Amino acid sequence: MHPDHPSFFEHAFSLAPIGIAIASIGGEWQKVNRALCDMLGYGEQELCSIDYREITYPDDLALAEWQIQQLLEGRFTSYCIEMRHYRRNGSVIWTSRHVSLIRNEDDQPYCFYIHLTDISDRKHSDQVYSTVFEHSQDIITFNSLDGTCLYVSPAVKSLLGYEPEEMVGRQQHGLLHPDDKQGVLERAYADTDKICARYRHARGHYVWFETSIKLIRDEQGEPWKIMGVGRDVTERIEAEQALLKSERALAEAQKIASIGSWEWDIPTSQVIWSDELLRICELRREDFAHTYDSLKQFIHPDDLGTVRKLVQRAINGEPYSLECRIVTARGNDKYVHIQGIVLTDERGNPCKMLGTAQDITERKKMELLLEETIDRYTSLKKYNPDAVISLDKLGYIVSVNPAAQNMSGYSATELGQLHFTDLVYGLNDDKMRAEAWYQRFMRGEMSESEEVRVLHKDGSVLDLLVTPAPIFVRREMVGCYIMMKDITMQKRKDELLRQSEKLSVVGQLAAGVAHEIRNPLTALKGFIKLMMHSGQQFPKYLGIMKEELERIELIVSELLMLSKPQSVHLRCVNLKELTEEVRALIGTQAIMRGIEIDLESDLEHVPLYCDPNQIKQVIINFLKNAIEATGPDGAVCLHLKNDEGGGTLLRIIDQGCGIPEDKINRVGEPFFTTKEGGTGLGIMISRKIIEHHGGTMAVHSKVNEGTVIEVRFPVPDMQPVQRAQA
């Protein structure tokens, strides 16, 4: 039908799906369509005879009449309100009522054109939503796009302590925790999204909320409002944080203890490893295949068979614990201790295996090192040719090596029942001295070796050199080791050697004496024979014979001085004055040879505890040798100064011919001399006197340059007296 046809609007009115009515200015319905009759349950004639006020819900009538009055007064040309009507069966329906005022040619109100739409279902849904909003335990909000609150459910009172009226018209961003605000405001949201942030409670503390967001768009698809449903998740967040903290603590504990954890889902063959276990295997998580088959590649090939057997036993219900080697992702070998437990399902079938793996590489290295150390110690003790016994604090024998058994003749069991002094040979005094020696060692007062005589099981006596070594356990001395070396044969050899040396010295001395005395005796014998066979007197021979006899007397007197102890009288003297006296005494002899003797000393008083006559003899001997070695117009220097060790140094320096380097070590030997007419005993006697006074002597010489004799005397104390009396 064409729109211009006269009946077009009639058909549109009658067939419209919404209720349409035309009412008079007084309110009577003059014409209604079928949709309106069906909506209210009346026939067309019946409905037209009813005043609309009779079927309008009383609570909505005043608003409807006020709206009509506004139309009549020309304030607006139409209005739309939601209101309730009674149906013929007495039930109430909600309608959306749109009323327009129709005016005549004179612009006077003529009639009302009314559209009624049944919105009962929507209003019912709105009531349901309202009930949900009012009684929801979560906070439901409607916000504008800038975050201003348009509506908030009553739950805000119980969850955040605010009245709903306080929140409406207020931007919710102001309640965000400072640490969360930037992230919430700068985030780009989807139409449906979710955020988790902290909001300030009315009492000042903050509450964690997880808010589901829904962007509501208008009919044109443009963003209109934001709906949010916020749930208090404080307990969940705190539990998650506690769990995270616990997991971090567990991870840190695993890292400290080098213990990683693992989980194997047997039916799916899926494996989960902790970060520490990945670190132990030097593997990145992204490179881990998370399957049981990939796990086996880290087991050392030599241990893989054992691991498989134990895994199968564990699945069958046996405990799972072993130490094995692994090859890390970087190719390094490590030792790990693995243990686990199998979980079963409700049918008793194994479903999961949980366990730990601890890196024991360092401990294993220490164990291997300890084993090696023990083996080395055992080898040292077992195969040591010298006897080794260990004693406790009291001196009882704890352990022995085979050499100790062979040396003593006792078995290890027999020795383990003895005190070490039970092996000492001699009287009780000898055993007490050995016990005192051991106690001094345990107190740390000495650690020197000691010679001990030990009784063998067969009754023979052994000479042993025993050396102690402390045994420390946790910094406490709990006993000691005694190393014993059999020196019985060595002592016998030493005694034979001493006897041989004595005979050698006697023979050497006898040969020297015979040689030195035979020369003048030969001369004397010749002169006596000559005088016996001649009646003449030979006065000149008598002088020569006298000199030779004096030479024999000198040799004999020096031998006597060397052989028998001389009486000494020790006292403290000034070595400088003593040296000046000797210089004056020898000075005449030096002047006759054209030699000058100089004395250099920075010290006025040089104390020395000695026998002055013997020290004079030493200086005289050295000065005479220096004068005889120095040519005419030469000089001899005596130099006194403090020694570096606190004693005194006397140096006799000449400008003589010197001593060859190959002979300087022989200076001081009996009858060795480099000058004509010397006996070689003077330096030997001087050395003996110096050593008797606790000093030392050294000779330095170069051929054609001269000789330096250095005599060092100790700090003056009573030590020389003790040496003299010894």
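The numbering scheme is per chain: residues are counted from 1 as the chain's sequence reads. The predicted nature of this model means local features are confined to residues of pLDDT at least 70 and side-chain atom pairs, given and counted, to a pLDDT of 80 or more, with totals for whole chains, interfaces and linings taken over all residues. Calculation of side-chain values draws on the structure's entire complement of heavy atoms; hydrogens and water are dropped beforehand.

Details of the sheet that holds strand E11 (residues 259-265)
The pairing criterion for strands is at least two bridges between them, as found by DSSP. Secondary structure follows DSSP: runs of H or I at least 4 residues long count as helices, runs of E at least 2 residues long count as strands, and numbering of each begins at the N terminus. Taken in spatial order, the five strands make up an open sheet running E12-E11-E15-E14-E13, and their pairing is antiparallel. Here the strands that pair on one side only, and so sit at the sheet edges, are strand E12 (270-273) and strand E13 (320-327). Recorded for the sheet is a direction-independent mean angle of 25° between the axes of neighbouring strands. In terms of strand pairing, strand E14 (residues 333-344) meets strand E15 (residues 350-359) through nine bridges, oriented antiparallel. Following the sheet pairing, Gly340 is matched in E15 by Gly355. Its contacts with the sheet put helix H12 (residues 301-315) on E11, E13, E14 and E15, and the angle it makes with E13 is roughly 150°. Contacts between helix H13 (residues 361-383) and the sheet are confined to E13, E14 and E15, with E14 contributing the most and set at about 125° to the helix. Each axis is a line fitted through C-alpha atoms, taken for helices only over the stretch in contact, and angles between the N-to-C directions span 0 to 180 degrees. Throughout, a residue-residue contact means that at least one pair of heavy atoms, one from each residue, lies within 4.5 Å.

Regarding the sheet that holds strand E19 (residues 461-473)
Pairing is antiparallel across the open sheet formed by five strands, whose spatial order is E17-E16-E20-E19-E18. Of all strands in the sheet, those bounded by a partner on one side alone are strand E17 (397-400) and strand E18 (450-455). Direction aside, neighbouring strands of the sheet carry axes that sit 35° apart on average. Looking at chain direction, strand E16 (residues 387-392) and E17 are connected through three bridges and run antiparallel. Among the inter-strand pairings, Leu391 is bridged to a residue of E17, identified as Ile397. Relative to the sheet, helix H16 (residues 428-442) contacts E16, E18, E19 and strand E20 (476-486), its axis offset from that of E20 by approximately 130°.

Details of unusual backbone geometry
The backbone phi angle of Asp107 is positive, close to 65°, even though this residue is not glycine. The phi torsion at Arg475 lies on the positive side, around 65°, for a residue other than glycine. Relative to the helices and strands, Arg475 is located in the loop between E19 and E20.

Things to note about the nonpolar core
Buried Ala, Val, Leu, Ile, Met, Phe, Trp, Tyr and Cys residues that are joined via side-chain atoms within 4.5 Å together make up what is termed a nonpolar core. Each residue gets one of three labels from its accessible area relative to the maximum for its type: buried under 20%, exposed over 50%, partly exposed in between, using a 1.4 Å probe on protein chains only. Counting residues in each nonpolar core, the largest one holds 35 residues, and the members touching the most others are Leu575, Ile615, Phe622, Leu623 and Val711. Those elements that place two or more of their residues in this core are helix H19 (575-592), strand E23 (607-610), helix H20 (612-629), strand E24 (635-642), strand E25 (648-654), helix H21 (682-692), strand E26 (696-702) and strand E27 (706-713). Counting residues per element, this core draws most heavily on H20, at eight residues. Apart from residues no more than four positions distant in its own chain, Leu575 is found in contact with Val606, Leu608, Ile615, Leu640, Thr648 and Phe713.

Here's the deal with the packing of aromatic side chains
Centres within 6.5 Å are what make two rings of Phe, Tyr or Trp a pair, Trp counting through its six-membered ring; a difference in plane orientation under 30 degrees is then read as stacked, over 60 as edge-to-face, and the rest as tilted. A full pass over the atoms with the stated rule returns seven aromatic pairs. Relative to Phe288, the ring of Trp273 has its centre 4.5 Å away and its plane inclined at 25°; by these criteria the two rings are stacked. Taken as a pair, Trp273 in strand E12 and Phe288 in the loop between helix H10 (275-280) and helix H11 (292-295) lie far apart in primary sequence, 15 residues in all. Given the relative accessible area of 5%, Phe288 is considered buried. The interplanar angle of 50° and the centroid separation of 5.8 Å between the aromatic rings of Trp273 and Phe298 together place this pair among those described as tilted. Of this pair, Trp273 sits in strand E12 while Phe298 sits in the loop between H11 and H12, and the two are 25 residues apart along the sequence. For Phe298, a relative accessible area of 6% corresponds to the buried category. One aromatic cluster is present, formed by Trp273, Phe288 and Phe298 through successive ring pairs. Here the basic side chain of Arg170 rests over the ring of Tyr162, its NZ or CZ set 5.5 Å away from the ring centre. Placement of a charge over a ring requires the Lys NZ or Arg CZ to be within 6 Å of the ring centre, with the centre-to-atom vector within 35 degrees of the ring normal.

Overview of the side chain of Ser24
Structurally, the position occupied by Ser24 is in strand E1 (residues 19-24). In protein, a polar contact means a hydrogen-donor-capable atom and an acceptor-capable atom, both N or O and within 3.5 Å, with residues adjacent in sequence counting only if both atoms are side-chain atoms; elsewhere, any N or O pair within 3.5 Å suffices. Within the structure, the side chain of Ser24 is placed 2.4 Å from the side chain of Glu28, a separation counted as a polar contact. Excluding its chain neighbours within four sequence positions, the residues that come into contact with Ser24 are Gln30 and Phe112.

Remarks on the pattern of salt bridges
Note that side chains of opposite charge can pair when their charged atoms are close. Any carboxyl oxygen of Asp or Glu within 4 Å of a side-chain nitrogen of Lys or Arg constitutes a salt bridge here. Summed over the entire model, instances satisfying the criterion amount to 35 salt bridges. The partner of Glu372 in a salt bridge is Arg376, with the nearest N and O atoms 2.9 Å apart. Of this pair, Glu372 and Arg376 are both found in helix H13, four residues apart, which corresponds to roughly one turn of the helix. Assessed through its relative accessible area of 37%, Glu372 is described here as partly exposed. Residue class for Arg376 comes out exposed when judged on its relative accessible area of 58%. A salt bridge links Arg712 to Glu710; the nearest nitrogen and oxygen atoms lie 3.2 Å apart. Shared partners join several salt bridges into a network, and the residues in it are Glu323, Arg363, Lys364 and Glu367.

Details of the confidence of the model for the protein chain
Across the protein chain, the average pLDDT comes to 81, with 84% of residues at 70 or higher. Each residue carries a pLDDT score, the predictor's confidence in it, ranging from 0 to 100. Here helix H22 (residues 719-725) stands out as the element of the protein chain with the lowest mean pLDDT, 41, in contrast to strand E8 (residues 192-200), whose mean of 92 is the highest. Residue range residues 718-726 is modelled with pLDDT below 50. Its contacts to residues more than four positions away, or to other chains, number twelve contacts.

Digging into helix H4 (residues 58-72)
Owing to its 3.6 residues per turn, the α-helix brings residues three or four apart onto one side. What a helix should span is 1.5 Å times the count of its residues minus one. A rise of 1.5 Å per residue sets the reference length of H4, with its 15 residues, at 21 Å; its end C-alpha atoms lie 22 Å apart and thus fit the reference within 8%. By the burial criterion, the buried members of H4 are Asp60, Ala64, Gln67, Ile68, Gln70 and Leu71. Buried residues along H4 cover an arc of 155° about the axis, so they all sit on one side. In H4, the exposed residues that point more than 90 degrees away from the buried face are Pro58 and Ala62. Residues of H4 that are buried in the fold lie against strand E3 (78-86), strand E4 (92-103) and strand E5 (109-118). Arc definition: directions from the helix axis to the C-beta atoms.

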